[in-house]
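Listed below, chain by chain, are the residues.
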Amino acid sequence: MTSRYSPQEAEPRWQSAWSDADIFKAKPGHEAGDQPKAYILEMFPYPSGRLHIGHVRNYAMGDVVARHKRAKGFNVLHPMGWDAFGMPAENAAMQRGVHPGTWTYENIAAMKAQFAKLGLSLDWSREFATCDPDYYAAQQALFLKFLEGGLVARKSAKVNWDPVDHTVLANEQVVDGKGWRSGAPVEQRELTQWFFKITDYADSLLEDLQTLERWPDKVRTMQANWIGRSEGLQMKFEFSAEAEDTRSDGIEIFTTRPDTLFGASFIALSPDHPLTLALAETTEGLADFRSACAAVGTSEEAIEKAEKIGFDTGLRVKHPFLDGKTLPVWIANFVLMGYGTGAIFGCPAHDQRDLDFARKYNLDVRPVVLPQGADADDFDVAAEAYTGPGTIFNSDFLNGLPIEDAKRDATRRISDMKLGEARINYRLRDWGISRQRYWGCPIPIIHCRTCGAVPVPEADLPVVLPEDVSFDQPGNPLDRHPTWKHVPCPTCGEAAVRETDTLDTFVDSSWYYTRFAAASGKDDAGYWMPVDQYVGGVEHAVLHLLYARFFTRAMRDCGLLDLASGEPFAGLFTQGMVTHETYRGADGEWLSPADIERQGDKLVDRKTGAAVAVGPIEKMSKSKRNTVDPDAIIKEFGADVARWFVLSDSPPERDVEWTQSGAEGAARFVQRIWSLFAEVPREETKTPTDDTAAATALQKINHRAVASIDETIEGFRFNSSVATIHEWVAKLKKAETGEASLISARLEGLSMLARCLTPFMPHLAEECWAALGKTGLVSEAPWPVVDKALLVDDEIVLPVQVNGKRRAEIRVAPDTNKEDIEALAFSDAAVASQIDGKAVKKVIVVPGRIVNIVV
RNA sequence: GCGGGCGUGGCGAAAUUGGUAAACGCAGCAGACUUAAAAUCUGCCGGCCUUCGGGCCUUGCCGGUUCAAUUCCGGCCGUCCGCACCA
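Residues numbered from 1 in each chain as written. Chains lettered and ligands numbered in written order. Predicted model: local features only at pLDDT ≥ 70, side-chain atom pairs only at ≥ 80, totals over all residues. Heavy atoms only, no water.

J.: Is there a simple way to think about the packing of helix α1 (residues 7–21) against helix α18 (residues 630–637) in this case?
T.: When two helices pack together, you describe them by how their axes are tilted relative to each other and by the distance separating the axes. Between α1 and α18, the shortest axis-to-axis distance is 8 Å and the interhelical angle comes to 110°. As the angle between them shows, α1 and α18 are arranged roughly perpendicular. Of the residues in α18, those touching α1 at P7, Q8 and E11 are I634, K635, E636 and F637. Of the residues belonging to the contact of α1 with α18, the class tally is three nonpolar, one polar and three charged. (Axes fitted to C-alpha atoms, helices over the stretch in contact; angles between N-to-C directions. Helix = DSSP H or I, 4+ residues; strand = E, 2+ residues; numbered from the N terminus. Parallel < 35°, antiparallel > 145°, perpendicular 65-115°, else oblique. Contact = heavy atoms within 4.5 Å. Nonpolar A, V, L, I, M, F, W, Y, C, P; charged D, E, K, R; others polar.)

J.: What am I meant to see in empty space enclosed by the protein here?
T.: Over the atoms rolls a probe the size of a water molecule, and its path tells where empty space is left. In total, this model carries two cavities of 30 Å³ or more according to the counting rule given. Forming the walls of the second largest cavity are R67, H68, A71, R755, T758, P759, V778, S779, A781, P782 and W783. Counting residues per element, the lining of the second largest cavity draws most heavily on helix α2 (residues 53–71), which supplies three residues. Its residues assigned to classes, the lining of the second largest cavity comprises six nonpolar, three polar and two charged. (1 Å grid on protein atoms, 1.4 Å probe; cavity = no way out; pocket = protein on both sides within 12 Å on 5 of 7 lines; lining within 4 Å. Points joined across faces, edges and corners; volume = space filled by probe spheres on them.)

J.: Explanation requested: helix α7 (residues 217–227) in the structure shown.
T.: Each turn of an α-helix holds 3.6 residues, which means side chains three or four residues apart point in the same direction. Every buried residue of α7 is accounted for by V219, R220, Q223 and I227. For α7, the angular spread of buried residues about the axis comes to 100°, placing them on one side. Exposed and oriented more than 90 degrees from the buried face of α7 are D217, K218 and N225. Buried residues along α7 sit in contact with α6 (202–207), α17 (543–557) and β26 (572–575). (Buried < 20%, exposed > 50% of the residue type's maximum accessible area, 1.4 Å probe, protein only. Arc of directions from axis to C-beta.)

J.: What's the story with the sheet that holds strand β34 (residues 805–812) in this structure? I'm lost.
T.: Pairing between sheet strands relies on hydrogen bonds along the backbone, with the strands arranged either parallel or antiparallel. Spatially, β34-β33-β36-β35 is the arrangement adopted by the four strands of the open sheet, whose pairing is mixed. With one partner strand each, in any of the chains shown, β34 and β35 (842–846) form the two edges of the open sheet. Within this sheet the neighbouring strands show an average axis-to-axis angle of 20°, counted without direction. For β35 and strand β36 (residues 850–854), the ladder comprises five bridges, and the chain directions are antiparallel. Its bridge partner lying in β36, V845 is registered against V851. (Pairing = 2+ DSSP bridges.)

J.: Please clarify how the side chain of T276 should be interpreted in this entry.
T.: You can see T276 is positioned in helix α8 (residues 274–280). In this structure the side chain of T276 is engaged in a polar contact, spanning 2.8 Å, whose partner is the backbone oxygen of S270. (Polar contact = N/O pair within 3.5 Å; in protein donor to acceptor, adjacent residues only side chain to side chain.)

J.: Could you clarify how one ought to interpret the packing of helix α3 (residues 87–96) against helix α4 (residues 100–116) in this entry?
T.: Put simply, α3 and α4 touch, their axes get as near as 8 Å, and they point 115° apart. When the axes of α3 and α4 are compared, the crossing they make is right-handed. Between α3 and α4, the contacting residues are P88, A89, E90, A92, A93 and R96 on the first element and P100, W103 and T104 on the second. For the contact of α3 with α4, the class distribution of residues is six nonpolar, one polar and two charged. (Left-handed = near helix turned anticlockwise from the far one by under 90°.)

J.: What exactly am I supposed to notice about the environment of T659 here?
T.: Take T659: it is sitting in the loop between β32 (656–657) and α20 (660–678). Using a relative accessible area of 23% as the deciding quantity, one classes T659 as partly exposed. Separated by 3.0 Å, the side chain of T659 and the backbone nitrogen of G662 make a polar contact.

J.: Mind showing me how you'd approach the nonpolar core here?
T.: Across soluble globular proteins, nonpolar side chains have a tendency to be buried as a group. Counting residues in each nonpolar core, the largest one holds 174 residues, and the members touching the most others are F551 and F677. Every residue in contact with F677, bar those within four places of it in the chain, is listed here: L750, L753, A754, C768, A771 and L772. Grouped together as the second largest cluster of nonpolar side chains are 37 residues, A264, L279, V317 and A406 included. (Core = buried A, V, L, I, M, F, W, Y, C linked by side-chain atoms within 4.5 Å.)

J.: Looking at this structure, I do not really get the state of the cysteines. What am I missing?
T.: What makes a disulfide is a covalent bond joining the sulfur atoms belonging to two cysteines. Per the counting criterion, the structure on display carries zero disulfides. Free cysteine C489: the closest other cysteine sulfur is in C448, separated by 3.6 Å. Judged by its relative accessible area of 3%, C489 is buried. Here C492 stays unpaired: no disulfide links it, and the sulfur of C448, its closest cysteine neighbor, is 3.6 Å away. Residue classification places C492 among the partly exposed positions, given a relative accessible area of 35%. (Disulfide = S-S within 2.5 Å.)

J.: Any chance you could explain the environment of H350 here in plain terms?
T.: Position of H350 relative to the elements: it lies in the loop between β13 (343–346) and α11 (352–361). In the structure, H350 is positioned 481 residues away from V831 in sequence and 64 Å away in space, judged by C-alpha atoms. Not counting the four nearest positions on each side in its chain, H350 is found in contact with R257, T260, P367, V368, V369, A385, Y386 and T387. At 3.0 Å, the side chain of H350 forms a polar contact with the backbone nitrogen of V369.

J.: Teacher, can you tell me more about α4 here?
T.: Over its 17 residues, α4 runs 24 Å from end to end, which matches the ideal 24 Å to within 8%, given 1.5 Å per residue. Here α4 has its buried residues at P100, G101, W103, T104, N107, I108, M111, Q114 and F115. Down the axis of α4, the sector holding all buried residues measures 155°, keeping them to one side. Taken together, the buried residues of α4 touch α2, α3 and α18. (Expected span 1.5 Å × (residues − 1).)

Any functional reading would require information beyond the geometric quantities listed.
Given below as structure tokens:
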């Protein structure tokens, strides 16, 4: 009788064996010789205190790749650390009075214990948390290098201000115009902030997306859209004579449609445009208009519904091409200060927003683009602006030109007139990095009344966060700390104050991977970088992944990183989420899967016995209570089952639904695999009957399975690897009986199977390897070598189609020539009956693939 | 509104060179073993028709290219995601 495999007993045993032998430690570059390197990295977690099943999927995927690479002979770096600064620690401090640092390090300890149970091939010797003073000291040094390199700016900008929590919020922390924590309506405030000049790299960040062949298209597209390059004309409209006394000599606008300049009927300024602000001081009603604009929320819905409103300044500007023609200058709520110059020219006939505005305020609508086939005398624009292709008309020297040519000519004319020039505009903004928070990296700057913003001298780094802070009132504890911020100016020695803002936590995660790489020696970052395979959630498609690409460029250009391409991640994989059914009890409250029991074909509440309504399958969330706890899964089934299941059912980039029955199925499969190994034949029992055709067939099965698993792992198709292993196991199971049990072929198969299982179910694989009597750890064993000769068939099955429908199969040697294949196909009775004496028009023979007879 | 993805059995899916559609798993059905249950094993498992040989239909819908289309092209429908008054 075969014994059962006990993950609860075996898994901790193998985890200790790995840890005792310290086998997952990466070699420093100088020790690796000509061994190729592979840097495999998953996005490091925020130490919330609990792993969730989504983490398990993320790290299981990275582990498959890392273990596979290691077995393939690579020097693998697969590290782990903690993205440890951030608001939840401060919230915990406010709610429970525990220090953010204490809370964070306790969470790290708890999560690290959970990590240990997953059997991941991690090199923990390089572990750090971004809140370690060592780490943020290096980050402060980086900041100062960037400052020196001209990549940091201090400027005034509009930010989301939470008036209850007294802090700036990132855009993503503003939900429907309200602070996500306080629920208070967010205000737009003008504050002086620190910025990284990411826009300096806009072109390179956009261009080089094309070189990222192992990134998902989706992510590349999202970044391209985010950077938002648009080519156009930046030009000045000069004030007309009667407005000569105005404070500037004209209004700069940006347009992508210089071809429609003859259709211009007004100029519109943003409510926040400098000229608007200046006029507001003297113009009756303008201040009120500005508040009306500001009152419209920033939420999607509010913008969607917001009516276009305008304010006529009474000023007029000259049309650049039409002598004597002037255009009114309006202020319009739909013009954004943050894009272009904060001013536009309105061409109502060919822009819907301009048209809506013009209709409301009775401004001219002059069509200048004629659609193909339309009559110039008849063509007019009513409620809908025409934005399609066509030929320019009503436009003097541009008449008759296609749009693109007209853009070019109009731009050239404006340029000749010294009123402007072609210009590329980006949607990308500089990255505001100041946060009015305690639990972050202090910005190493001292503000002096006479010397201005002075960098903290290198010798005084790090600027360490003070421990004795209180969270009993809102606002930044650093700012109200009694002593911390008061320091002498490093330049003049006068009393000065520290910068009390800390860095956005996205800064911490923008360079951590270079820190893992450099842990084995200063020059090792150049050896390990770029990361060969990065794995994480698609929610970071823009922010984190764009910031990191900026950081490596900036570090390279400051001489801090040897990385010619500037690209941090050569390969990127974005995995799907883990979902689960949702359940509601009779009272409409959400129920956890743990509270549910199956009774017959009904689901009932375990406690009350009441019927349970099954809801849609959704992303696991605390609010819907449809989460499963990795610890509970591991306790019940083992880590191997958890890993196997999250990789098995769906393609890795898609969502996978966690089901109890699926997990049970995986657990069954573990036992089934174990039954293959529990009583293995020994080599010495090998019999002469072993060299049979059946044994060769089994050998082929083995080698093909390995080849397929290799291919699917490399293509990130782990669900297909899983299917292959299922089939392989079924065939090995069959080989246990008959044909003298095919002893040597079976043993070879089992040895190969154990090694192929390792990336997916490493504990079980070790147990199987030991059962085969092998010495050493399977985690250190080389990947099985595929004998290519065994991938070739002696005989292949060719489908025979008649008029594209399969009618028969023929068996031929793979190198059979076309004539013989054709003859064999025609000799088939089923084929003959389909042809039924009709004339054969054409015969297509694709050797090794198919035969198609057209009649 | 703009951009991108996806759509195949009851369900998750496979078919990564344009070449046998539905591999593999889950659920289900039938059977073996058992006093019984669990566990395990075997078989069936897209639809319609069948004289039991097989035949016809089927990858969201409509059309196209091709000897051949889940795969390529065009249009539409549905759905999910990202961005959004971006000039």
